[in-house]
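# Structure at a glance
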Amino acid sequence: MSTIILKDIKKAFDKEVVIPNLNLTIDDGSFTVLVGPSGCGKSTTLRMISGLEKPSSGDIFIDDENVVNIDPGKRGIAMVFQNYALYPVMNVRDNIEFGLKNKKVPRDEREKLIKEVCEIVGLTPYLDRKPNALSGGQRQRVALARAMVKKPKVFLMDEPLSNLDAKLRAQMRIELIELHKRLGTTFIYVTHDQVEAMSMGDNIVLMDNGIIRQRSSPKEIYHNPQNVYTAQFIGTPPMNILSALIPGIQIGFRPEKTALTHIENPGLSIKGKVLTKEQLGAEMNYSIETSYGKVMVKTEEDIAGPECTLEVRKEQLFAFDDQGQRIEMTSEILSKLAALPQKG
Ligand SMILES: Nc1ncnc2c1ncn2[C@@H]1O[C@H](COP(=O)(O)OP(=O)(O)OP(=O)(O)O)[C@@H](O)[C@H]1O
Ligand SMILES: [Mg+2]
């Protein structure tokens, strides 16, 4: 069981600072997801926790022990990468056993561990196969099994599913959620995919250029974004942000919380013109031009268009200041929105 604390972590490569000052506590037994766009510092953060990378300054604690000067192999951590790097000439059993032999684990115990872990990840029928005779998902399971036999205190995973096709990825996501429940070990999982982050994590850490923009549960980060960056990173299509409605204030609303027919007592009602309509199945994505800017609407409403009125409930409106920080939606802002000319 392990709590991990990153304290005043700074990381620079040569003179380029990629993480200015990171503070983060990862709760024991949590499934924490680090998410953010390419280059924001997710892998660097994970590698510093594992010990593969050393912070330029700051401390990392695992269960109250400062591990900054402790070797990766002695931190009680296992890491699973995107390219699982299995030994091609060894069969599944030998791939899993390799690290145990290195650690001089006795034979009986090795066999017991392999049996137990392969049962959990469903590899028992494949123990004698070489990696090239396995599917992508099965290879991923070997990489997991290899990490699991070490009985780590913490699992670190860096985009472990990105080599798999969409269907297998969805299946492996569920398997990892179940694995986490079963083991109760702390998982730290890195992805740039917000859907993956939202579906897997009980704790989401959204990063941007080495800074944490928000850290919340999936529900909270969707319903209560603290800034425009978060509001637009989580959810597809991203939240609409209009800055031309009220001077100095940005108004946000989600495409899926916008109506194209009249609703009772709306908080916002503006006229628009449909530019494109994309059929997704039951739902449609509309791109709509308004005199306050372009807006996306995701709805099951199938309108003839092109003229339309889009309306949003008061509870679905968000306010941000001109720096993009969330501010309270006041009755003053609401009355300014109500007084807006609809325009056409
Ligand atoms: N060894 C290195 N030397 C120099 N710069 C590096 C090194 N490793 C990472 N960086 C830089 O640090 C920044 C963060 O990289 P990092 O790999 O942590 O991003 P990431 O969030 O994992 O991105 P991705 O989603 O593309 O994997 C990037 O600008 C990257 O170019
Ligand atoms: Mg990365």
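Report follows, based on the coordinates.

Criteria and thresholds
Residues numbered from 1 in each chain as written. Chains lettered and ligands numbered in written order. Predicted model: local features only at pLDDT ≥ 70, side-chain atom pairs only at ≥ 80, totals over all residues. Heavy atoms only, no water. Helix = DSSP H or I, 4+ residues; strand = E, 2+ residues; numbered from the N terminus. Buried < 20%, exposed > 50% of the residue type's maximum accessible area, 1.4 Å probe, protein only. Contact = heavy atoms within 4.5 Å. Areas by Shrake-Rupley, 256 points an atom, 1.4 Å probe, with all protein chains shown as cover. Lys, Arg positive; Asp, Glu negative; His and termini not counted. Charge placed at Lys NZ, Arg CZ, Asp CG, Glu CD. Salt bridge = Lys/Arg side-chain N within 4 Å of Asp/Glu carboxyl O. Near = heavy atom within 4 Å. Polar contact = N/O pair within 3.5 Å; in protein donor to acceptor, adjacent residues only side chain to side chain. Nonpolar A, V, L, I, M, F, W, Y, C, P; charged D, E, K, R; others polar. Patch = residues over 30% accessible without salt bridge, like charges linked within 9 Å, V, L, I, M, F, W, Y side chains within 5 Å. Pairing = 2+ DSSP bridges. Axes fitted to C-alpha atoms, helices over the stretch in contact; angles between N-to-C directions.

## Side note on the overall build of the chain
Scanning the chain for helices and strands turns up 9 helices and 18 strands. By its C-alpha atoms, the chain is 80 × 45 × 35 Å across when sized along the principal axes. In the chain, which comprises 344 residues, the share counted as buried stands at 49%. Look at the contacts in the chain between residues 6 or more apart in sequence, and 64% of them connect residues 24 or more apart. Carbon and sulfur atoms make up 49% of the accessible area of the chain, which amounts to about 16800 Å² in all. Here the chain contributes 45 positively and 44 negatively charged side chains, and the mean placements of these two sets differ by 5 Å.

## Description of the pattern of salt bridges
Pairing is possible between side chains of opposite charge, provided their charged atoms come close. Inspection of every chain in the model, using the stated rule, returns 13 salt bridges. For the salt bridge of K277 with D302, the shortest nitrogen-to-oxygen distance reads 2.5 Å. Of the two residues, K277 is situated in strand β13 (residues 268-279) and D302 in the loop between β15 (293-299) and β16 (307-312); the sequence distance between them amounts to 25 residues. Exposure remark for K277: the relative accessible area of 40% places this residue in the partly exposed category. Residue classification places D302 among the exposed positions, given a relative accessible area of 54%. Each of K11, R47 and E53 takes part in salt bridges that share partners, so that together they form one network.

## Comments concerning the site of ligand 1
Within the structure, ligand 1 sits among F13, V18, P37, S38, G39, C40, G41, K42, S43, T44 and E159. Here an oxygen atom of ligand 1 and a side-chain polar atom of S38 are 2.5 Å apart. Taking S43, its side chain carries an N or O atom lying 2.8 Å from an oxygen atom of ligand 1. Contact with the protein chains removes 59% of the 630 Å² of surface that ligand 1 exposes when unbound. In terms of residue count, helix α1 (residues 42-50) provides more of the shell around ligand 1 than any other element does, 3 residues in total. A class-by-class count of the residues in the shell around ligand 1 yields 4 nonpolar, 5 polar and 2 charged.

## Side note on a negative patch on the surface
A surface patch of like charges, here negative, comprises D27, D28, D63, D64, E65 and D202. Mapped onto the elements, D28 comes out in the loop between β2 (16-26) and β3 (31-35). Under the relative-accessibility criterion, D28 is labelled partly exposed at 35%.

## Here we look at the sheet that holds strand β1 (residues 4-13)
Spatially, 4 strands are ordered β2-β1-β4-β5 in an open sheet, and the strand pairing comes out antiparallel. With one partner strand each, in any of the chains shown, β2 and β5 (65-66) form the two edges of the open sheet. Sheet strands in contact with α1 are β1, β2 and β4 (57-62), and its direction is about 120° off that of β1.

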